[in-house]
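Secondary and tertiary structure notes
Each chain, letter by letter, is given below.
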Amino acid sequence: ATTLGASAAQTGRYFGTAVAANKLSDATYVGILNREFTMVTPENEMKWDATEPTQGQFTYANADRIVNHARANGMRVRGHALAWHSQQPGWAQNLSGPALRSAMVNHVTQVATYYRGKIHSWDVVNEAFADGGTGARRDSNLQRTGNDWIEVAFRAARAADPTAKLCYNDYNTDGQNAKSNAVYAMVQDFKARGVPIDCVGFQSHFNSASPVPADYQANLQRFANLGVDVQITELDIEGSGSAQADNYGRVVRACLAVSRCTGITVWGIRDTDSWRASGTPLLFDGSGNKKPAYTATLDAL
Ligand code: XIL
């Protein structure tokens with residue numbers, strides 16, 4: 001096949017990208033989006049600060065623009081993210097204890113209910129574990145409401161939208177290390193106790209300080225063996241030319257070697273769309289031309 005989405009579909013997978021609502025009026029951007037991708041993740045528009053800027057008042061206009069564009073063009077939607085320590089509205093940042101816990105549950109319930117039936121997978125909880133060697137939870141206002149906040153969020157999401165796949169999503173969990181071991185133990189515990197979890201997302205933001213791990217495929221496989229799907233959710237790889245292309249190829253081949261790795265999402269379309277302040281981590285250059293990384297990705301699919 002000649003596009004990322006069609007090639008991924010040959011093995012039953014999707015190929016997605018993060019999308020920003022304010023770029024849906026950019027013809028070059030939309031042209032590539034509609035041609036190449038079969039899944040979209042709203043880059044910021046479904047986050048807590050965007051959807052509930054005032055407590056109890058929900059705003060979905062920008063997220064709806066993305067969801068409607070996706071549905072009109074045959075793409076599915078990955079919801080991102082219901083509960084996260086970052087990009088919280090100011091009112092939530094100022095809450096703690098039972099008030100924050102109930103605000104979080106209400107947020108998960110309201111947003112997942114609003115989008116019920118329209119979401120392929122939800123990142124229910126994002127980035128809840130600490131970096132480094134401790135394997136601890138990340139300290140956050142949500143964590144301080146009690147260690148059970150993650151399972152409470154998953155149960156609320158399942159009740160609100162029984163058809164969406166419910167995922168845990170994080171970074172620096174792409175290889176086997178203390179952080180991914182801690183996520184693994186949580187997923188194992190959730191499966192044992194019947195906490196609803198269907199998938200684990202591996203963000204996969206790679207650069208020279210955080211390269212594609214040698215045991216990337218093995219790490220995806222050990223999570224899949226717990227009985228969850230795995231997905232590459234925010235892929236970008238710093239670099240250029242053949243070195244970058246080789247790394248993209250490695251990531252794609254790792255996913256395809258794991259039968260429960262059901263899809264890959266890149267975190268933006270053109271290098272100029274990247275959240276990274278500088279660099280060229282994506283598959284298309286600033287003019288929308290295919291880079292060697294694109295060709296390597298397509299060839300590996
Ligand atoms: C980033 C967006 O790309 C930026 O536009 C925003 O300013 C900050 O958030 N991990 C995540 C994503 O889960 O939500 C982040 O997205 C990138 C890191």
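Residues numbered from 1 in each chain as written. Predicted model: local features only at pLDDT ≥ 70, side-chain atom pairs only at ≥ 80, totals over all residues. Heavy atoms only, no water.

1. As for the site of the ligand
Quick note on the threshold: Nearness of a residue to a molecule or strand requires only that one of the residue's heavy atoms be within 4 Å of it. As used in this structure description, the phrase polar contact means that two N or O atoms lie within 3.5 Å; if the pair is within protein, one of them must be able to donate a hydrogen and the other to accept it, and residues adjacent in sequence are counted only when both atoms belong to side chains. Surface exposure here means Shrake-Rupley accessible area, sampled with a 1.4 Å probe, where a residue is shielded only by the protein chains that are shown. For cavity detection a 1 Å grid was placed over the protein atoms alone, and a set of points counts as a cavity when a 1.4 Å probe fits there but cannot get out; an open set counts as a pocket when protein lies on both sides within 12 Å along at least five of seven lines, with lining residues being those that have an atom within 4 Å of a point. The way we define it, a molecule is inside a pocket or cavity when more than half of its atoms are within 2 Å of that pocket's grid points.
Residues in close proximity to the ligand total 13 residues, the closest being Glu 43, Asn 44, Lys 47, His 80 and Glu 234. Gln 87 places a side-chain nitrogen or oxygen 3.2 Å from an oxygen atom of the ligand. With respect to the ligand, the side chain of Trp 267 contributes an N or O atom lying 2.9 Å from an oxygen atom. Relative to its unbound accessible area of 410 Å², the ligand is 78% covered by the protein chains. For the ligand, the cavity whose grid points lie within 2 Å of the majority of its atoms is the largest pocket.

2. Some thoughts on the UniProt feature "active site" (unreviewed entry) in the protein chain
Worth spelling out the cut-off: UniProt positions are given in the numbering used here, feature names are shortened, and annotations may be inferred rather than shown by experiment. In this description a helix means any DSSP run of H or I spanning at least four residues, a strand means any run of E spanning at least two, and both kinds are numbered starting from the N terminus.
When the UniProt feature table is mapped onto this chain numbering, "active site" (unreviewed entry) sits at Glu 234. Mapped onto the secondary structure, Glu 234 falls in strand 8 (residues 229-237). Polar side-chain contacts of Glu 234 include one of 3.2 Å to the side chain of Asn 169.

3. A short note on the pattern of salt bridges
Rules: By salt bridge we mean one thing: a side-chain nitrogen of Lys or Arg within 4 Å of a carboxyl oxygen of Asp or Glu. Relative accessibility thresholds used throughout: buried, under 20% of the residue-type maximum; exposed, over 50%; partly exposed, between the two (1.4 Å probe, protein chains only).
In this structure the tally under the stated criterion is 14 salt bridges. Across the pair Lys 23 and Asp 273 runs a salt bridge, and its minimum N-O distance is 3.3 Å. Of the two residues, Lys 23 sits in the loop between strand 1 (14-19) and helix 2 (27-36) while Asp 273 sits in the loop between strand 9 (261-266) and helix 11 (292-300), which places them 250 residues apart along the sequence. Accessibility expressed as a relative area gives 5% for Asp 273, which makes it buried. In this structure, Asp 139 engages Arg 144 in a salt bridge whose closest nitrogen and oxygen atoms are separated by 2.7 Å. In this pair, the class of Asp 139 matches that of Arg 144, namely exposed. In the salt-bridge network here, residues are joined through shared partners; they are Lys 23, Asp 26, Arg 270 and Asp 273.

4. A short note on the packing of aromatic side chains
Cut-off, in case you're wondering: Each pair of aromatic rings taken from Phe, Tyr and Trp, with Trp reduced to its six-membered ring, is defined by centres within 6.5 Å and is described as stacked if the planes are under 30 degrees apart, edge-to-face if over 60, and tilted in the remaining cases.
Tallied over the full model, the rule gives twelve aromatic pairs. Considering the side-chain rings of Tyr 184 and Phe 223, the 5.5 Å spacing of their centres and the 85° angle between planes classify their relative orientation as edge-to-face. With a gap of 39 residues between them, Tyr 184 in helix 8 (residues 178-193) and Phe 223 in helix 9 (residues 216-224) connect regions that are remote in the sequence. Summarising the aromatic geometry, the rings of Phe 202 and Phe 223 are spaced 5.1 Å apart at their centres and angled 75° between planes, so their arrangement reads as edge-to-face. With Phe 202 in strand 6 (residues 199-202) and Phe 223 in helix 9, this residue pair connects regions lying 21 residues apart in the sequence. Phe 223 carries the same exposure label as Phe 202, and that label is buried.

5. Concerning the nonpolar core
Short version of the rule: We call a set of buried residues a nonpolar core when its members are Ala, Val, Leu, Ile, Met, Phe, Trp, Tyr or Cys and they connect through side-chain atoms within 4.5 Å of each other. In this description, contact between two residues means that some pair of their heavy atoms is separated by no more than 4.5 Å.
Ranked by internal contacts, the top residues of the largest apolar core, which has 89 residues, are Trp 122, Val 125 and Phe 154. Looking at this core element by element, the count peaks at seven residues for helix 7 (residues 149-160). If near-sequence neighbours (up to four positions away) are discounted, Val 125 is found in contact with Ala 83, Trp 149, Ile 150, Ala 153, Phe 154, Cys 167, Tyr 168 and Asn 169.

6. Re helix 10 (residues 241-256)
Stated precisely, the cut-off is as follows: Take the residue count of a helix, subtract one, and multiply by 1.5 Å to get its expected span.
In this model, helix 10 (16 residues) spans 23 Å end to end at C-alpha, consistent with the 22 Å of a helix rising 1.5 Å per residue. Of the residues making up helix 10, those classed as buried are Gln 244, Ala 245, Tyr 248, Gly 249, Val 251, Val 252, Ala 254 and Cys 255. In this fold, the buried residues of helix 10 make contact with strand 7 (205-206), helix 9, strand 8, strand 9 and helix 11.

7. What to know about the pairing of strand 4 (residues 121-126)
Note the following rule: Here the rule is simple: two strands pair whenever DSSP picks up at least two bridges between them.
Of all six residues in strand 4, six are buried; the element is thus mostly enclosed. Across five bridges, the pairing between strand 3 (residues 76-84) and strand 4 is parallel. Within strand 4, the residue paired with Arg 78 across the bridge is Ser 121. Here strand 4 runs beside strand 5 (residues 165-170); their pairing, made up of five bridges, is parallel.

8. A look at the environment of His 107
As for its placement among the helices and strands, His 107 is situated in helix 6 (residues 97-114). For the pair formed by His 107 and Trp 48, sequence separation is 59 residues and the distance between their alpha carbons is 7.7 Å. Not counting the four nearest positions on each side in its chain, His 107 is found in contact with Trp 48, Thr 51, Glu 52, Phe 58 and Leu 82.

9. With respect to unusual backbone geometry
Along the chain, His 80 connects to Ala 81 via a cis peptide bond; the corresponding omega equals -10°. Mapped onto the secondary structure, Ala 81 falls in strand 3. Phi is positive for Glu 127, which is not a glycine, with a value near 55°. One can find Glu 127 in the loop between strand 4 and helix 7. For Ser 204, which is not a glycine, the phi torsion comes out positive at approximately 65°. As for its placement among the helices and strands, Ser 204 is situated in the loop between strand 6 and strand 7.

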